Amino acid sequence: MLEASPLDDGWQLRHGGGRLPAVVPGCVHTDLLAAGVIPDPFLGRAETEVAWVGRREWTYETQLPAVRSGHEQTDLVFDGLDTVAEITVDGHLLGRVRNMHRAYRFDVTGLSGPLTVRFVSAYAEAEAVRGKVGDRPAPIRSRTSTCARWPARSAGTGGPRW
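The following paragraphs examine the structure supplied in this document.

Thresholds applied
- Residues numbered from 1 in each chain as written.
- Predicted model: local features only at pLDDT ≥ 70, side-chain atom pairs only at ≥ 80, totals over all residues.
- Heavy atoms only, no water.
- Helix = DSSP H or I, 4+ residues; strand = E, 2+ residues; numbered from the N terminus.
- Buried < 20%, exposed > 50% of the residue type's maximum accessible area, 1.4 Å probe, protein only.
- Contact = heavy atoms within 4.5 Å.

### Focus: the overall build of the protein
For the protein, the helix and strand inventory stands at three helices and eight strands. Reading the secondary structure of the protein in the N-to-C direction produces β-β-α-α-β-β-β-β-β-β-α. Evaluated residue by residue, the protein yields a buried proportion of 36% over its 162 residues. Sequence separation of 24 or more characterises 70% of the internal contacts of the protein that already satisfy a separation of 6 or more.

### Quick notes on unusual backbone geometry
Keep in mind that most residues, glycine aside, have a negative phi and that most peptide bonds are trans. Omega for the peptide link from Val24 to Pro25 comes to 5°, which places this bond in the cis form. Residue position: Pro25 is located in the loop between β2 (18–21) and α1 (28–34). The peptide bond linking Asp82 to Thr83 adopts the cis configuration, its omega dihedral lying at 0°. Even without being a glycine, Asp90 presents a positive backbone phi close to 50°. Considering the arrangement of structural elements, one finds Asp90 in the loop between β5 (85–89) and β6 (92–97).

Keep in mind these values describe shape, not function.
Below you can see the structure in the form of structure tokens.
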């Protein structure tokens, strides 16, 4: 029998030398906004003031509890991670992801401790890829299009569960 437990409590976002409360599922912008670190990017010209958010790495942390069940395997499932991230439990690398449009499943049988999701800057990742494969044609954008706005580091649409 399948059992699912949401893992959406107790998350923190590393910011500078400290930690801020985080909502998962959610995104860096809303966590920073809730903590009073950034202005509302949808008001006035504040979007340009928060452009730095998409250009740095962000790390979300919580505790993965020990699971005592009769099941032969325990999986940690993310319904979406935006976009390039590394997932560890107690320093053990579970995996690296590069696609926000799919779910990821990791075997965490017998694991517990600090769960860390480190998001790489999408800009830094794009530069690294360009360094490997060379320049590619740029997408054609309308001057009135807003679909290419700030990339948010997001901890998924459905949040992690185990």
